[in-house]
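# Architecture at a glance
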Amino acid sequence: MQRTDRWLGVALIVLAAAVLWSARSFPKVPGQDLGAAFLPMLIGAGLLACGVVLLVRSLRGLAYSDEPARKPPGTEHFGSFFVIVAAVVFYIALADWLGFLIVAPLCLLAVFKAMRVSTGQAVLWAIGGTLLVHVGFYKLLRVPLPWGLLRPFY
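Residues numbered from 1 in each chain as written. Predicted model: local features only at pLDDT ≥ 70, side-chain atom pairs only at ≥ 80, totals over all residues. Heavy atoms only, no water.

### Observations regarding the overall build of the protein
Let me state the cut-off plainly: The helix count covers DSSP runs of H or I at least four residues long, the strand count covers runs of E at least two residues long, and both are numbered beginning at the N terminus. Contact between two residues is taken to exist if any of their heavy atoms lie within 4.5 Å; hydrogens are not considered. The Shrake-Rupley method, run with a 1.4 Å probe sphere, supplies the accessible areas, and residue values consider only the shown protein chains as cover.
Along the protein, the regular secondary structure elements total five helices and zero strands. Restricting the contact set of the protein to residue pairs at least 6 apart, pairs at least 24 apart contribute 66%. As displayed, the protein offers around 11100 Å² of accessible surface, 72% of which is attributable to carbon and sulfur atoms.

Below you can see the structure in the form of structure tokens.
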């Protein structure tokens with residue numbers, strides 16, 4: 001696991017560098033304070049932070065043990081992969097009809113439960129994450145997400 005984390009951390013750092021480098025050349029958008037490079041730079045910074053954390057954790061783990069920790073056979077959980085793919089397909093198929101504010105929390109809740117997050121935390125993060133993304137896109141970036149069934153209430 002430490003070797004996988006180390007290489008994944010390096011790959012994320014390289015990807016973050018590429019995103020940050022390419023976003024530098026994005027043009028300014030007239031009438032907006034943030035510009036076209038804001039979201040790619042934010043994503044690049046997040047990728048960089050995740051890559052550094054993975055790399056540091058994998059290297060710190062090497063200092064504590066010379067033998068990698070192994071799970072007992074049969075305790076792996078492969079179902080979460082299929083839940084994530086199904087959530088993406090569900091979102092693509094129904095977001096325009098039902099709306100972002102309905103579909104996104106359902107998808108996030110399914111993914112969090114597949115990742116074995118407690119129900120209370122999963123609900124909290126699903127609703128909070130949906131609202132945060134909606135405000136970020138709608139207010140900051142001025143990019144409307146699909147309203148779907150909630151259109152009459154807007």
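Now that the structure has been shown, the text picks up again.
### Things to note about the packing of helix α3 (residues 79–98) against helix α4 (residues 100–114)
Threshold: Lines are fitted to the C-alpha atoms to define the axes, a helix being fitted only along its stretch in contact, and any angle between axes, read from their N-to-C directions, falls within 0 to 180 degrees. Small angles under 35 degrees read as roughly parallel and large ones over 145 as roughly antiparallel, with 65 to 115 read as roughly perpendicular and the rest as oblique. The classification used treats Ala, Val, Leu, Ile, Met, Phe, Trp, Tyr, Cys and Pro as nonpolar, Asp, Glu, Lys and Arg as charged, and all other residues, Gly among them, as polar.
Where α3 contacts α4, the axes come no closer than 9 Å and their chain directions differ by 175°. As the angle between them shows, α3 and α4 are arranged roughly antiparallel. Contact with α3, carried on its side by Ser80, Val83, Ile84, Ala87, Phe90, Tyr91, Leu94, Ala95 and Leu98, involves Phe100, Ile102, Val103, Leu106, Cys107, Ala110, Val111 and Ala114 of α4 and no other residues of that element. Residue classes in the contact of α3 with α4 are distributed as 16 nonpolar, one polar and no charged.

### Some remarks on helix α1 (residues 2–23)
The condition that has to hold: Here the expected length of a helix is defined as 1.5 Å per residue gap, with one fewer gap than residues. Whether a residue is buried, partly exposed or exposed follows from its accessible area with a 1.4 Å probe, protein chains only, as a fraction of its type maximum: under 20%, in between, or over 50%, in that order. Taken from the helix axis, the directions to the C-beta atoms give the arc we talk about.
Its 22 residues place the ends of α1 31 Å apart at the C-alpha level, agreeing with the 32 Å of an ideal helix rising 1.5 Å per residue. Taken together, the buried positions of α1 are Gln2, Asp5, Gly9, Leu12, Ala16 and Ala23. Axial view of α1: buried residues confined to an arc of 75°, hence all on one face. Set apart from the buried face of α1 by more than 90 degrees, the exposed residues are Arg3, Thr4, Trp7, Val14 and Trp21.

### As for α4
Its 15 residues place the ends of α4 21 Å apart at the C-alpha level, agreeing with the 21 Å of an ideal helix rising 1.5 Å per residue. Looking at α4, one finds that the buried residues are Phe100, Val103, Ala104, Pro105, Cys107, Val111 and Ala114. Buried positions along α4 lie against α3 and α5 (119–140). At the exit of α4 stands arginine 116, carrying a positive phi of roughly 65°.

### Digging into the side chain of aspartate 5
In plain terms, the rule: Only four residue types enter the tally: Lys and Arg on the positive side, Asp and Glu on the negative side; His and the chain ends are excluded. Salt bridges, as used here, are contacts in which a Lys or Arg side-chain nitrogen is within 4 Å of a carboxyl oxygen on Asp or Glu.
As for its position among the elements, aspartate 5 is in helix α1. The buried charged residue aspartate 5 lacks any salt bridge, with arginine 57 as its nearest oppositely charged partner at 5.5 Å.

### Here's the deal with the side chain of threonine 130
Inspection of the secondary structure puts threonine 130 in helix α5. The buried category is assigned to threonine 130, whose relative accessible area is 3%. When near neighbours in sequence (up to four residues on either side) are disregarded, threonine 130 contacts Phe100, Leu101, Ala104, Pro105, Leu108 and Trp125.

### Here we look at the nonpolar core
Put simply, the test is: Only buried Ala, Val, Leu, Ile, Met, Phe, Trp, Tyr and Cys residues count toward a nonpolar core, and they belong to the same one when joined by side-chain atoms within 4.5 Å.
In this structure, Ala87, Leu98, Val103, Cys107 and Val111 together form the largest nonpolar core, which totals five residues. Listing elements by their share of this core, those giving two or more residues are α3 and α4.

### Here's the deal with unusual backbone geometry
Positive phi is not limited to glycine here, since arginine 116 has a value of about 65°. Assignment of secondary structure puts arginine 116 in the loop between α4 and α5.

### Quick notes on the packing of α4 against α5
Note the cut-off: Handedness of each helix crossing follows the sense of rotation of the near helix against the far helix: counterclockwise by less than a right angle gives left-handed, clockwise gives right-handed.
Between α4 and α5, the least distance of the axes is 8 Å, while the angle of their chain directions is 140°. For the pair α4 and α5, the sense of crossing is right-handed. Touching Phe100, Leu101, Ala104, Pro105, Leu108, Leu109, Phe112 and Lys113 of α4 are Thr119, Ala122, Val123, Trp125, Ala126, Thr130, Leu131, Val133 and His134, all from α5. Here the residues of the contact of α4 with α5 sort into 13 nonpolar, three polar and one charged.

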